[in-house]
Amino acid sequence: MKYSLFKNMVYVYRRVFNFNKKLRFQIPLEMLSEILIPIMATVIPAIAVGLITDKASIQEFLLVMGGVTVLNAILLYLKQYLFTVIDMENTLARIQEFFFENSKKLMKTDYPNVEPQDKQILIQKAINSFSTNWVGIEFMMKSTPKFFVNIVGLITYGAMISSLNYIIIIILILMAVLNFILASYARNYDEKHKEDYVKYDRKIDYLYKNSTSLINGKDARIYKMETWFYNVFQQLIKKRVTWNKRVEYRYFLPSLSDNILLFIRDIVAYSMLISMVLDKEISVFTFTLFVGVIAGFSSWLNESVTAYSNLKRANMGVNDYRAYEEISEVFNHANGCEVPKPSDFPLTIEFKDVSFRYPGAERDTISNLNLKINGGSKIALVGNNGAGKTTLVKLLSGLYYPTEGKILVNGKSIKDYDIEEYYKLIGVVFQDVEVLAFTIAKNVAACEESMIDYSRINKCLELAGLKDKVDSLKDKEKTYITQSLNKDGILLSGGQMQRMMLARALYKNAPIIILDEPTSALDPIAESELYEKYNELTEDKTSLFISHRLASTKFCTRILFFENGKVAEDGTHEELMNMNGKYAQMFEIQSHYYKEEVGGEENEEFAL
Ligand SMILES: Nc1ncnc2c1ncn2[C@@H]1O[C@H](COP(=O)(O)OP(=O)(O)OP(=O)(O)O)[C@@H](O)[C@H]1O
């Protein structure tokens with residue numbers, strides 16, 4: 001939905017005035033000084049000429065001129081002071097009111113509003129609208145008072161000139177209209193091609209983040225990636241700059257025409273005034289006053305046109321901001337049915353004819369899946385890369401709704417639950433582990449300090465096999481991870497990070513626990529410890545364990561072999577081995593590899 005300029009002004013200022021109530025007085029005061037200062041600049045020379053032509057005494061001259069000069073100085077000081085204060089507050093409002101809200105939205109909105117490509121573009125456009133003070137939101141805060149100041153100046157000076165000669169007014173207005181048409185052309189072009197250049201912003205941003213990330217820093221060095229990155233950067237920036245030139249060139253046209261028209265205006269208006277004064281139609285005082293008034297009028301006029309054009313440009317950014325802020329949620333956020341209580345645990349899960357296709361994808365990733373998981377089952381999910389295991393995790397976690405069919409949890413479709421309530425039922429360790437630069441405790445509890453239960457933190461760290469490591473640290477659970485936010489922060493190994501994520505899932509103590517390759521970075525001893533503890537970790541819970549290491553599946557009550565978004569084989573380890581299908585084949589390949597590693601001969605002790 002695109003809002004009109006007026007509606008967006010009301011929207012921005014409602015939020016800005018709410019953010020800082022003082023601005024309600026400071027902005028009108030600054031506007032008043034902005035109107036009075038040019039008026040003073042026009043009137044002061046005329047007063048001086050008037051005093052001289054009226055043969056005023058030196059004392060009178062000094063008194064009047066001294067008075068207006070002091071008044072002018074006060075106004076200038078007031079304007080400068082308010083400008084500085086308002087400018088600073090505008091930036092604060094942009095950051096705290098708009099940027100923070102957008103971050104919150106990004107973390108809270110339904111997942112299908114974040115991951116797909118078209119949503120990524122919307123996000124980038126919204127981010128662009130508050131990324132600097134010369135775009136979107138803050139540009140509107142800068143341009144709105146300017147526009148109204150110029151309109152008031154325009155009306156005042158226009159009325160004065162009309163009383164003298166209305167032809168001058170008509171000429172000046174025609175010039176401004178021409179300017180406005182050129183500016184509209186530039187804006188329309190900008191709006192039409194926004195997506196053409198925003199896609200480069202997104203790519204440049206992605207490359208920048210990756211080129212500065214510590215993790216990629218290792219690969220960058222070993223694989224000498226800087227030339228590759230640099231070249232891609234260069235190409236992208238070249239394309240972005242080409243677009244920049246195309247857009248800015250069009251904005252440049254009105255400013256160029258502005259200067260030419262200014263020149264024509266001076267010739268026409270001043271020759272008219274000179275002929276009037278020569279014909280004694282006006283006095284020298286009026287002549288001096290109107291030289292200033294005409295210059296002032298066209299300045300008000302041009303500034304109004306520029307401010308309006310800037311406002312329209314800013315308005316596009318505000319619309320981009322609002323487009324993401326008001327994006328509709330796709331999940332159920334109200335009127336949810338009652339979520340299961342502890343007395344209902346362990347929870348059953350059932351996939352009924354579930355199909356799922358990613359937005360914009362050409363085919364289903366999950367197709368017609370039917371699967372019933374009894375409460376308290378320990379399910380292992382295995383299969384080839386790309387079979388759809390993580391997608392299944394996303395569906396069960398409530399990050400996407402199925403495109404077709406239903407997922408029932410405790411007999412009710414996920415869609416029937418309020419999604420935020422539903423999330424309380426899920427503890428998950430995702431495949432892509434990203435720790436935060438906060439303390440270990442905050443990473444595990446995922447909440448503010450005051451809400452952390454330290455005894456539970458310790459229990460979960462113990463279960464996840466990280467307690468010894470944490471106890472060896474000076475600040476224990478309060479140790480920061482990485483030095484991004486604290487100079488005493490430490491780095492964790494990949495396996496330790498994985499254990500910390502496991503501790504987070506355990507801390508949540510949700511009735512459904514999903515572990516997507518939680519052992520991929522663990523050493524064999526840590527891995528076997530985890531298997532031994534698995535029953536304890538998942539007590540009273542329904543659990544889903546995804547792994548490529550088939551040895552890990554033996555301790556699960558049921559194994560699902562996933563292939564092309566479907567369950568191809570289903571049973572216990574023994575049943576699947578007896579079936580002699582894909583699972584058995586994969587198991588054989590892995591165990592053969594392990595057997596060969598130990599001296600090339602079969603060694604039952606080390607076999608999987
Ligand atoms: N966000 C997405 N948008 C479009 N397609 C996707 C998205 N995520 C995954 N896919 C596609 O869905 C298919 C299944 O991916 P998924 O990550 O579920 O597989 P997986 O079984 O977990 O694989 P792996 O064992 O490698 O982790 C893949 O072909 C992948 O390209």
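By the naming in an unreviewed UniProt entry, the protein goes by ABC transporter ATP-binding protein and is assigned to Inconstantimicrobium mannanitabidum.

J.: I'd like a rundown of the domain arrangement of the protein, residues and numbers included.
T.: Assigned domains of the protein: these are domain 1 (5-325) and domain 2 (344-430 + 546-596). Each partner contributes residues to the interface: domain 1 has 6 residues there, and domain 2 has 7 residues. Summing both partners gives a buried area of about 510 Å² for domain 1 against domain 2, and 56% of it is carried by carbon and sulfur. If you sort the residues of domain 1 by the area they bury against domain 2, Tyr111, Pro112 and Glu115 come out on top, with a joint share of 64%. Connecting domain 1 to domain 2 are 2 salt bridges. Of the charged contacts, one joins Glu115 and Lys394 as a salt bridge, the two residues approaching to 3.3 Å between their closest N and O atoms. Connecting domain 1 to domain 2 are 2 residue pairs in polar contact (both at pLDDT 80 or more). The residue inventory of the side of domain 1 that touches domain 2, partitioned by class, reads 3 nonpolar, no polar and 3 charged.

J.: Break down the site of the ligand for me, with residues and values.
T.: Residues in close proximity to the ligand total 14 residues, the closest being Asn385, Gly386, Lys389, Thr390 and Thr391. A distance of 3.4 Å separates a nitrogen atom of the ligand from a polar atom in the side chain of Tyr358. Thr365 places a polar side-chain atom, nitrogen or oxygen, 3.4 Å from an oxygen atom of the ligand. Coverage of the ligand by the protein amounts to 65% of the 630 Å² it exposes when considered alone.

J.: Mind laying out the packing of aromatic side chains, listing which residues take part and the relevant values?
T.: The geometry of an aromatic ring pair is captured by two quantities: the separation of the ring centres and the angle between the planes. One pass over the full model with this rule turns up 20 aromatic pairs. Their ring planes at 15° and their centres at 6.4 Å tell us that Tyr77 and Tyr81 sit as a pair that is stacked. Taken together, the positions of Tyr77 and Tyr81, both in helix α3 (residues 58-108) and 4 residues apart, correspond to about one turn of that helix. Residue class for Tyr77 comes out exposed when judged on its relative accessible area of 59%. Judged by its relative accessible area of 44%, Tyr81 falls in the partly exposed class. Through pairs of rings, three or more aromatic residues link up here, namely Tyr11, Phe98, Phe99, Phe100, Phe130 and Tyr321. Geometry around Trp243 places Arg246 over its ring, the cationic atom sitting 4.4 Å from the centre.

Quick notes on the rules
Residues numbered from 1 in each chain as written. Predicted model: local features only at pLDDT ≥ 70, side-chain atom pairs only at ≥ 80, totals over all residues. Heavy atoms only, no water. Domains from an automatic or database assignment. Contact = heavy atoms within 4.5 Å. Buried area = accessible area lost by both parts, 1.4 Å probe. Salt bridge = Lys/Arg side-chain N within 4 Å of Asp/Glu carboxyl O. Polar contact = N/O pair within 3.5 Å; in protein donor to acceptor, adjacent residues only side chain to side chain. Nonpolar A, V, L, I, M, F, W, Y, C, P; charged D, E, K, R; others polar. Near = heavy atom within 4 Å. Areas by Shrake-Rupley, 256 points an atom, 1.4 Å probe, with all protein chains shown as cover. Phe/Tyr/Trp six-rings, centres within 6.5 Å; stacked < 30°, edge-to-face > 60°. Helix = DSSP H or I, 4+ residues; strand = E, 2+ residues; numbered from the N terminus. Buried < 20%, exposed > 50% of the residue type's maximum accessible area, 1.4 Å probe, protein only. Lys NZ or Arg CZ within 6 Å of the ring centre and 35° of its normal.

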